[in-house]
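Given next are the chains, with one letter for each unit.
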Amino acid sequence: EPEVTQTPSHQVTQMGQEVILRCVPISNHLYFYWYRQILGQKVEFLVSFYNNEISEKSEIFDDQFSVERPDGSNFTLKIRSTKLEDSAMYFCASSEMSVTNGNTIYFGEGSWLTVV
Amino acid sequence: SQQGEEDPQALSIQEGENATMNCSYKTSINNLQWYRQNSGRGLVHLILIRSNEREKHSGRLRVTLDTSKKSSSLLITASRAADTASYFCATDSRQTGANNLFFGTGTRLTVIP
């Protein structure tokens, strides 16, 4: 069964460093997402991406964050200058069509980011 | 905010018993989805129910939706130890039309062998 794959599974970085989290969405999907989950808390929406541009973003997704689809398969999340509070599990996800039309969002296994 | 709340926050049952988890949300929706998350792992999609549906089944799962009360329930019948996980409901928002899901706080289910 097709799945969303993410790398790395775990990354430790020093505060202030740049981090890039990588994702390969399911191949025929058109919508891509990043969510995060701080340890013990709820899953929070960061950003959605469609047709090579951001379609929605949350308040969390400030200027320190950016997303990119550099080629036909990868979808990346960059955190420019990490802060301690960026420590979380970051989930990439994708869907074939829009959620509002009843499409399921499929999630990857996540990338644990620890900022020290 | 559309984000929902599940209750109970934690539920502990014996293997073979049924587990019922509830979810409430705040604004009108097009659909509601339930996900499962094993500790430290990704979110696995379980079932989707549309706003014009009242009940849906998938294997040992039964989901109900009451849009007048803005609530949903997930029933797992004949639970197994392997069902131990956190369960989240997630909704879109018809009000905003935003293409993303809003997750609830989750119910931590423990099934005791």
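Everything quoted here is computed from the prediction, not taken from an experiment.

Visitor: Break down the side chain of Thr107 of chain B for me, citing the residues and quoting the values.
Guide: Residues and elements named next belong to chain B. With respect to the element layout, Thr107 can be found in strand β11 (residues 107–112). On the accessibility criterion, Thr107 (0% relative accessible area) is buried. A polar contact of 2.5 Å, which involves the side chain of Thr107, links it to the backbone oxygen of Pro8. Apart from the residues lying within four places of it in its own chain, the contact partners of Thr107 are Glu6, Asp7, Pro8, Gln9, Leu11, Met21, Ala85, Ser86 and Tyr87.

Visitor: Tell me what's going on with the sheet that holds strand β8 (residues 75–79) of chain A, and back it up with residues and numbers.
Guide: Residues and elements named next belong to chain A. Sheet architecture is open: four strands sit in the order β1-β3-β8-β7, paired in antiparallel fashion. This sheet does not close on itself; its edge strands, each paired only once, are β1 (5–7) and β7 (65–68). The mean inter-strand angle of the sheet, taken between neighbouring strand axes irrespective of direction, is 20 degrees. Pairing of strand β3 (residues 19–24) with β8, which is carried by five bridges, proceeds in the antiparallel orientation. Of the residues in β8, the one forming a bridge with Arg22 is Thr76.

Visitor: Got a sec to walk through the pattern of salt bridges? Specific residues and values, please.
Guide: Per the counting criterion, the structure on display carries five salt bridges over all chains. For Arg41 of chain B, the salt bridge goes to Glu109 of chain A, with nearest N and O atoms at 2.6 Å. Residue Arg41 of chain B is located in the loop between β4 (31–37) and β5 (43–50), and its partner Glu109 of chain A is located in the loop between β10 (106–107) and β11 (111–115); the two belong to separate chains. Between Lys56 of chain B and Glu53 of chain B there is a salt bridge, with the nearest N and O atoms lying 3.9 Å from each other.

Visitor: Mind laying out the sheet that holds strand β3 (residues 19–24) of chain B, listing which residues take part and the relevant values?
Guide: All names here are of chain B. Across the sheet, which stays open at both edges, the five strands sit in the order β1-β3-β8-β7-β6 with antiparallel pairing between neighbours. Looking along the sheet, the strands with just one partner apiece sit at the ends: β1 (5–7) and β6 (55–58). Averaged over neighbouring strand pairs, the angle between their axes works out to 15 degrees when direction is ignored. Examined bridge by bridge, strand β7 (residues 61–66) and strand β8 (residues 71–76) share six bridges and lie antiparallel to one another. Each bridged residue has a counterpart across the sheet, and for Val63 the counterpart in β8 is Leu74.

Visitor: Account for the environment of Ser94 of chain A, naming residues and giving values.
Guide: Residues and elements named next belong to chain A. Considering the arrangement of structural elements, one finds Ser94 in strand β9 (residues 88–95). Assessed through its relative accessible area of 0%, Ser94 is described here as buried. Separated by 66 residues in sequence, Ser94 and Asn28 have C-alpha atoms that sit 9.5 Å apart. Look past the residues within four positions of Ser94 in its chain and what remains in contact with it is Val4, Pro25, Ile26, His29, Tyr31, Phe32, Tyr33, Thr104, Ile105 and Tyr106.

Visitor: Please give an account of the interface of chain A and chain B that cites residues and values.
Guide: Contacts between the two partners involve 23 residues from chain A and, on the opposite side, 25 residues from chain B. Interface of chain A and chain B: buried area, both sides summed, is about 1,900 Å²; carbon and sulfur atoms make up 51% of it. Counting every contact that joins chain A to chain B gives one salt bridge. The interface formed by chain A and chain B includes seven residue pairs in polar contact (both at pLDDT 80 or more).

Procedures and definitions
Residues numbered from 1 in each chain as written. Chains lettered and ligands numbered in written order. Predicted model: local features only at pLDDT ≥ 70, side-chain atom pairs only at ≥ 80, totals over all residues. Heavy atoms only, no water. Helix = DSSP H or I, 4+ residues; strand = E, 2+ residues; numbered from the N terminus. Buried < 20%, exposed > 50% of the residue type's maximum accessible area, 1.4 Å probe, protein only. Polar contact = N/O pair within 3.5 Å; in protein donor to acceptor, adjacent residues only side chain to side chain. Contact = heavy atoms within 4.5 Å. Pairing = 2+ DSSP bridges. Axes fitted to C-alpha atoms, helices over the stretch in contact; angles between N-to-C directions. Salt bridge = Lys/Arg side-chain N within 4 Å of Asp/Glu carboxyl O. Buried area = accessible area lost by both parts, 1.4 Å probe.

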